Amino acid sequence: MYIFLDTNYFSSCIFMDRNKAYEEYERMILILDGAVKELWEISDSSKTSSKEKTKSIGLILTITKERRSILEKKVGILRTKIHENIFGKNLF
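(A) Spatial organisation of the confidence of the model for the protein. On average, residues of the protein carry a pLDDT of 83, and 78% of them reach 70 or more. When mean pLDDT is compared element by element in the protein, helix H2 (residues 18-44) scores highest at 92, while helix H1 (residues 7-12) scores lowest at 59.

(B) A nonpolar patch on the surface, seen in detail. The grouping of Ile82, Ile86 and Phe87 at the surface amounts to a nonpolar patch, some 340 Å² of accessible area in total. Counting through the fold element by element, Ile82 comes out in helix H3 (residues 50-87).

(C) Molecular detail of the environment of Asn19. With respect to the element layout, Asn19 can be found in helix H2. The exposure class of Asn19 is partly exposed, given its relative accessible area of 37%.

(D) A look at the nonpolar core. Membership of the largest hydrophobic core is limited to 12 residues, which are Ala21, Tyr25, Met28, Ile29, Leu32, Ala35, Val36, Leu39, Ile60, Ile63, Ile70 and Ile77. If you list the elements that add at least two residues to this core, you get H2 and H3. Ranked by residues supplied to this core, first place goes to H2 with 8 residues.

(E) Looking closely at the side chain of Ser43. Residue position: Ser43 is located in helix H2. You can call Ser43 buried: its relative accessible area is 11%. From its side chain, Ser43 meets the backbone oxygen of Trp40 in a polar contact 3.1 Å long.

(F) Quick peek at the pattern of salt bridges. According to the stated counting rule, one finds 4 salt bridges in the structure shown. With a shortest N-O distance of 2.8 Å, Asp33 and Arg67 are connected by a salt bridge. With Asp33 in helix H2 and Arg67 in helix H3, this pair connects stretches of sequence that are 34 residues apart. Residue class for Asp33 comes out partly exposed when judged on its relative accessible area of 33%. For Arg67, a relative accessible area of 28% translates into the label partly exposed.

Procedures and definitions
- Residues numbered from 1 in each chain as written.
- Predicted model: local features only at pLDDT ≥ 70, side-chain atom pairs only at ≥ 80, totals over all residues.
- Heavy atoms only, no water.
- pLDDT = per-residue confidence, 0-100.
- Helix = DSSP H or I, 4+ residues; strand = E, 2+ residues; numbered from the N terminus.
- Patch = residues over 30% accessible without salt bridge, like charges linked within 9 Å, V, L, I, M, F, W, Y side chains within 5 Å.
- Areas by Shrake-Rupley, 256 points an atom, 1.4 Å probe, with all protein chains shown as cover.
- Salt bridge = Lys/Arg side-chain N within 4 Å of Asp/Glu carboxyl O.
- Buried < 20%, exposed > 50% of the residue type's maximum accessible area, 1.4 Å probe, protein only.
- Core = buried A, V, L, I, M, F, W, Y, C linked by side-chain atoms within 4.5 Å.
- Polar contact = N/O pair within 3.5 Å; in protein donor to acceptor, adjacent residues only side chain to side chain.

This is how it looks when you write it as structure tokens:
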């Protein structure tokens, strides 16, 4: 199972609508949550070898770090939206 989600691509797109970026981050989190669920099932299975369990737990840790990164970017989008609602889009 390979998971490749380039979160830096979304944050580097200058012209991307914030709502669209927020929705993409939501989609990524759902995908990552599904992957973690499957990895836990693998590591919890009695048929799984200890080496595979170790690999699945390592992937869970990697996915958790990526998920945290995505959540931080979502918070940034929400803060920007709140700032725009209070002060408007153009201050200068």
